[in-house]
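# Structural features, examined
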Amino acid sequence: MESTTELPVSLLPNHGSWLRYLSFSLDHKVVGIQYLVTGFLFYLVGGVLAGMIRTELATPISDYISREVYNEVLTMHGTIMIFLWIVPVVNGAFGNYLIPFYVGARDMAFPRLNAVAFWMIPPAGLLLIASFFIGGASQSGWTAYPPLSLRTPALGQLIWIFSVLLLGGSSILGGINFIVTILKLRRPGLKMMQLPMYCWAMLGTSVLVVLSTPVLAGTLVMLAFDIVAHTGFFNPTIGGNAVVYQHLFWFYSHPAVYIMVLPAFGLVSEILPVHARKPLFGYTTMVYSILAIVFLGLIVWAHHMFTSGTPPWMRLFFTIATSFIAVPTGIKFFNWLATLWGGKIALNSAILFACAFIVNFVLGGITGVALAQVPFDIHVHDTYFVVAHFHYIVYGGTVFIIFSAIYHWYPKFTGRMLNEPLGVFHFVLTFVGFNLCFGPQHWLGMNGMPRRVSEYDPQFTLMNQISSVGALLMALSTLPFLINVIHSAWHGRLAGDNPWRALTPEWLTSSPPPVENWAGPAPHVEHPYGYGLVETTP
Amino acid sequence: MITFLVSVGLILIGLVVGQRVDMLPLQASVNAPVYDELFRVLFSIGTMLFLGIIGLLLYSLVRFRRQAGDFGDGAAVEGNLPLEIVWTAIPAVVVLFVGLYSYNIYERMGGMAPLADHSVMHSMPASDPGSGDRVWGGISTVSGESADLTVDVTALQFAFIFHYPTGNITSGELHVPEGEKVELRMKANDVIHAFWVPQFRIKQDIIPGQPTVLTFTANRPGTYPIICAELCGPYHGGMRTSVVVHDRGDFDQWLTKNTPPVT
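What counts, and at which threshold
- Residues numbered from 1 in each chain as written.
- Chains lettered and ligands numbered in written order.
- Predicted model: local features only at pLDDT ≥ 70, side-chain atom pairs only at ≥ 80, totals over all residues.
- Helix = DSSP H or I, 4+ residues; strand = E, 2+ residues; numbered from the N terminus.
- Buried ≥ 20, exposed ≤ 12 C-beta atoms within 10 Å, placed from the backbone.
- Contact = placed C-beta atoms within 7 Å.
- Pairing = 2+ DSSP bridges.
- Axes fitted to C-alpha atoms, helices over the stretch in contact; angles between N-to-C directions.
- Parallel < 35°, antiparallel > 145°, perpendicular 65-115°, else oblique.
- Nonpolar A, V, L, I, M, F, W, Y, C, P; charged D, E, K, R; others polar.
- Expected span 1.5 Å × (residues − 1).
- Bend = angle between axes of the 7 residues up to and from the residue.
- Domains from an automatic or database assignment.
- pLDDT = per-residue confidence, 0-100.
- Left-handed = near helix turned anticlockwise from the far one by under 90°.

Moving on to the overall build of chain B. Counting its regular elements, chain B contains 6 helices and 11 strands. For chain B, with 263 residues in total, the buried portion stands at 41%. Taking contacts inside chain B between residues at least 6 apart in sequence as the whole, the part at least 24 apart equals 71%.

The following block contains the structure:
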């Protein structure tokens, strides 16, 4: 079963040197860190673009960058944040690092495929950024709705399509790898229902990736044909149908939200029990709610299209299906609260970010159920209300969990602790900045500010300026974080192997772990959440 | 007992907050009060859930925080089936209620009209330029009745053009009479746009190759913004105009004044 992992250590390129992080490494831990660092660099790029958007919107007139560049910036902000930061990090980085540990394997099922999947990302990302400088990036938004995307400058749009195809391909390769690893590489005797919750989350996510990403790929190829070969799939002037594109696009891009959110649900299920010193509450219902979210996530896409001339019966079907996602999601949140209840909670940076995730996501979930209701959605669709809702889910939700996970697993990655006061400072800045930035946008949307505009009615100036100040705080919050992770890598307090006294298998080895994860045989962990049931050494 | 009191308190707070919340723009159409009723109910429920969950979270963080030097574990509770059933049931009931309620709202807004009655589709004359075989319905205010006023809307980068078949008026602004059902027959020739009047609480995309209809009844004289809500190019943010709601007399005056003389 572990034949693929029995490579001699000497075959691993640049073993032990920092250069291995720049190599075609077959070590899942190196690949995980590659994803994490690359993703974070793109997060900084996407953040600069967000800063440009908020600078433009600090005044009601379009006066900072040209209108064309503004549309390029908002398109690239969305594309980079989704495809180069959140999806690769929450899936690729933590998935590659943790999944082999969790199933008791010494690497992923297909280490070479894994390295290929990672190395598709930097060229795609660099190509996207380069498109700014060679004739201009795509201007049609990350949704690239035709006919607009057929009429904006073709080169930028084609580069965008090519990059997203590369990133989607990388994502599919990763998804297949996760599915095979989780299903086939478990150490003998390890049952599915004994796996840490992140495995289930990644299994569900990977199923979504493998089912829906090819649809996006096909759609984008058709769009490229419309641009290059003047076919008429989506071009109404020669008989095409622009709404069909929206169906195909959202068939991927709604599940994409779960591709960004489910792994975060998995990570928070790992983090809370460790720092609350309690078993994960309701393991079985957690597993079934993940499966329910995967199923429902595939049949809700048209709720993005309530104003696209969608017939009433379809509007109703998608309202009902979407609303019901609140049920399995609600179960997960109640179970996390029950996990905290009666625990001995260490109030550190990891748990603060995780709890803030609960706060933000509950708010984003409530606005989500509201948005699912056709009559409610019709007024606020394509407004700043949706921008606020979406950022509460993917930033307030997933990005907060990425930070929580970094505070939690940094000692595992490096063998050193992060500085705790700096971490709390980072948390406070991020939490305050985030809510200042996106809270007022709910009001803006309901009162008449559409999304994707570079100018707006002067009555919205104050709220926009509050929002921009929040964005500035979010930008500043990156500084204590960067100082912390860089400084601590050399000067942080030594962590020891298991500073949190955690029970999941990645902690039952040295920190950082050896190339083949454990010096001896993989430990058999029957109770990954057995706090209070299993002896833990203080 | 405490649980019961806290729950009752939460429900009361939710109801009060929901009734008092004032976050939406002026109501200027028959749809708007219906919409705002839905908003209040959703806001009430949202407040209850949000405060309940956040309260529970903050209470846990304070009450169950680790004391210095305590390296023990919490209670080894792995689950509680009745409890889990309860909190599966709570969101299920809430979602069912919200779904049924919003269906009711949707029907009152006339959203089901094209399904119940094909008058909206039939009211499109076959000779309408640019219309295909099929017409895509938006929300209509009064189901089953034909409109008092029909206006053809053409959206293009970056303007709306309104054409009144009766009187043959072409205008960059939309003028409508108060209290009468207006039907907009909308088409676009370049890219997708959207017609949005926040004070009417209605929005409908205008899609090339696929004419759409939108009906509404304005009931408050005044001037309100018409905003394009779908990214349509560099000047998307500037694609806006006004709808002027007149009382009947003023509207007739406007019609006569702007009708081009017959030659």
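Residues and elements named next belong to chain B. Direction of pairing for strand β2 (residues 149–156) relative to strand β3 (residues 159–164): antiparallel, over a ladder of 5 bridges. Bridge pairing links A155 to F160 in β3. Joining the antiparallel neighbours β2 and β3 is a turn of 2 residues. Pairing geometry for β3 and strand β4 (residues 169–171), over 3 bridges, is antiparallel. Looking across to β4, one finds that F162 is bridged to S171.

Moving on, we come to the packing of helix α2 (residues 31–63) of chain B against helix α3 (residues 81–108) of chain B. Residue and element names in this part refer to chain B. Where α2 contacts α3, the two axes come as close as 10 Å, and the packing angle between them is 170°. With respect to α3, the element α2 is oriented roughly antiparallel. For the pair α2 and α3, contact is made by V34, L38, V41, L42 and I45 and by V94, V98, Y101, S102, I105 and R108, respectively. Of the residues assigned to the contact of α2 with α3, the class counts are 9 nonpolar, 1 polar and 1 charged.

Residues and elements named next belong to chain A. The end-to-end C-alpha distance of helix α2 (residues 67–103), which contains 37 residues, comes to 51 Å, matching closely the 54 Å that a straight helix rising 1.5 Å per residue would cover. The largest bend along α2 reaches roughly 50° and is located at P88. Most of α2 is tucked away: 33 of the 37 residues are buried. Just downstream of α2, G104 is the residue with a positive phi angle, here 80°.

It is worth spelling out the domain arrangement of chain B at this point. Residue and element names in this part refer to chain B. Partitioning chain B into domains gives domain 1 (2–59 + 85–108) and domain 2 (125–258). Across the boundary between the two partners, domain 1 contributes 9 residues, which contact 14 residues of domain 2. Residues of the side of domain 1 that touches domain 2, tallied by class, amount to 6 nonpolar, 3 polar and no charged.

Turning next to helix α15 (residues 420–447) of chain A. Between its terminal C-alpha atoms α15(A) stretches 41 Å, which fits the 40 Å expected from 28 residues at 1.5 Å a residue. Phi turns positive, to about 125°, at G448(A), one or two residues after α15(A).

With that settled, consider the confidence of the model for chain A. On average, chain A scores 93 in pLDDT, and the residues at 70 or more come to 96%. Across residues 1–6 of chain A the pLDDT falls below 50, and counting only partners more than four positions away or on other chains, this stretch makes 10 contacts in the model.

Residue and element names in this part refer to chain B. Relative to strand β10 (residues 222–228), strand β7 (residues 193–197) runs antiparallel, the two sharing 2 bridges. The partner of W196 across the bridge, within β10, is I227. Pairing analysis gives 6 bridges linking β10 to strand β11 (residues 240–246), with the strands arranged antiparallel. Bridging across to β11, I226 finds its partner in T241.

Each partner contributes to the interface: chain A provides 77 residues, whereas chain B provides 76 residues. Grouping the constituent residues of the side of chain A that touches chain B by class yields 46 nonpolar, 22 polar and 9 charged.

This part covers the packing of helix α6 (residues 154–184) of chain A against helix α7 (residues 197–228) of chain A. Residues and elements named next belong to chain A. The interhelical angle for the contact between α6 and α7, taken along N-to-C directions, is 155°, at an axis separation of 8 Å. Relative to α7, α6 is oriented roughly antiparallel. In this structure, α6 crosses over α7, and the sense of that crossing is left-handed. The class makeup of the residues in the contact of α6 with α7 is 23 nonpolar, 6 polar and no charged.

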